[in-house]
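The primary structure of each chain is shown beneath.
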Amino acid sequence: MDDLTQDAINKAYQNNVGKLFDGLFAAYVTAFDDLDKTNALAKFSNGVAIVREAKEAAENAL
């Protein structure tokens, strides 16, 4: 895999995690109680895991 491809994969990963973090922040700030905050954190964690798996799949495909 060349450096440009790896850089593109890394940038896509960083952008997606950034978007997930923005969503987490918005959900966390507007949460009414601890359950809402816990749910927001769980969704963020699941989203990061999915993005990480996609990154690994992209790297392995090349």
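This write-up is about the structure you can find in this document.

About the thresholds
Residues numbered from 1 in each chain as written. Predicted model: local features only at pLDDT ≥ 70, side-chain atom pairs only at ≥ 80, totals over all residues. Heavy atoms only, no water. Salt bridge = Lys/Arg side-chain N within 4 Å of Asp/Glu carboxyl O. Helix = DSSP H or I, 4+ residues; strand = E, 2+ residues; numbered from the N terminus. Buried < 20%, exposed > 50% of the residue type's maximum accessible area, 1.4 Å probe, protein only. Phe/Tyr/Trp six-rings, centres within 6.5 Å; stacked < 30°, edge-to-face > 60°. Lys NZ or Arg CZ within 6 Å of the ring centre and 35° of its normal. Patch = residues over 30% accessible without salt bridge, like charges linked within 9 Å, V, L, I, M, F, W, Y side chains within 5 Å. Areas by Shrake-Rupley, 256 points an atom, 1.4 Å probe, with all protein chains shown as cover. Axes fitted to C-alpha atoms, helices over the stretch in contact; angles between N-to-C directions. Parallel < 35°, antiparallel > 145°, perpendicular 65-115°, else oblique. Contact = heavy atoms within 4.5 Å. Nonpolar A, V, L, I, M, F, W, Y, C, P; charged D, E, K, R; others polar. Expected span 1.5 Å × (residues − 1). Polar contact = N/O pair within 3.5 Å; in protein donor to acceptor, adjacent residues only side chain to side chain.

**Here we look at the pattern of salt bridges**
Any two side chains of opposite charge can pair, on the condition that their charged atoms come close. This structure, assessed with the given rule, holds 1 salt bridge. Notably, a salt bridge pairs K55 with E59, separated by 3.5 Å at the nearest N-O pair. One end of the pair, K55, and the other, E59, are both in helix α2 (residues 34-61), 4 residues apart, so they sit about a helical turn from each other. What makes K55 partly exposed here is its relative accessible area of 22%.

**Digging into the packing of aromatic side chains**
This model, assessed by the stated rule, comprises 1 aromatic pair. With centroids separated by 6.3 Å and ring planes inclined at 75 degrees, the aromatic side chains of F21 and F44 adopt a geometry described as edge-to-face. Of the two residues, F21 is situated in helix α1 (residues 3-29) and F44 in helix α2; the sequence distance between them amounts to 23 residues. Given a relative accessible area of 46%, F21 falls into the partly exposed group. The positively charged end of K37 is found above the aromatic ring belonging to Y28, 5.1 Å away from the centroid.

**Focus on the environment of N16**
On the secondary structure map, N16 appears in helix α1. Remark: the alpha-carbon pair of N16 and Y28, spanning 12 residues in sequence, is separated by 18 Å.

**Points about a nonpolar patch on the surface**
Among the surface-exposed residues, F21, F25 and V29 lie close enough to one another that they form a single nonpolar patch of about 330 Å² accessible area. Tracing the chain through its elements places V29 in helix α1.

**Things to note about the packing of α1 against α2**
Where α1 contacts α2, the two axes come as close as 9 Å, and the packing angle between them is 170 degrees. As judged from the angle between their axes, α1 and α2 are roughly antiparallel. Here α1 contributes Q6, I9, N10, Y13, N16, V17, L20, F21, L24, A27 and Y28 to the contact with α2, which in turn contributes K37, A40, L41, F44, G47, V48, V51, R52, K55, A58 and E59. When its residues are assigned to classes, the contact of α1 with α2 shows 14 nonpolar, 4 polar and 4 charged.

**Some points on α2**
The terminal C-alpha atoms of α2 lie 41 Å apart, and with 28 residues this matches the ideal 40 Å at 1.5 Å per residue to within 8%. Within α2 the residues assigned to the buried category are A40, G47, V48 and V51. Among the structural elements, α1 are those in contact with the buried residues of α2. The N-cap of α2, judged by a side-chain oxygen 3.2 Å from the amide nitrogen of L35 a few residues on, is D33.

That's the geometry; what it means functionally is another story.
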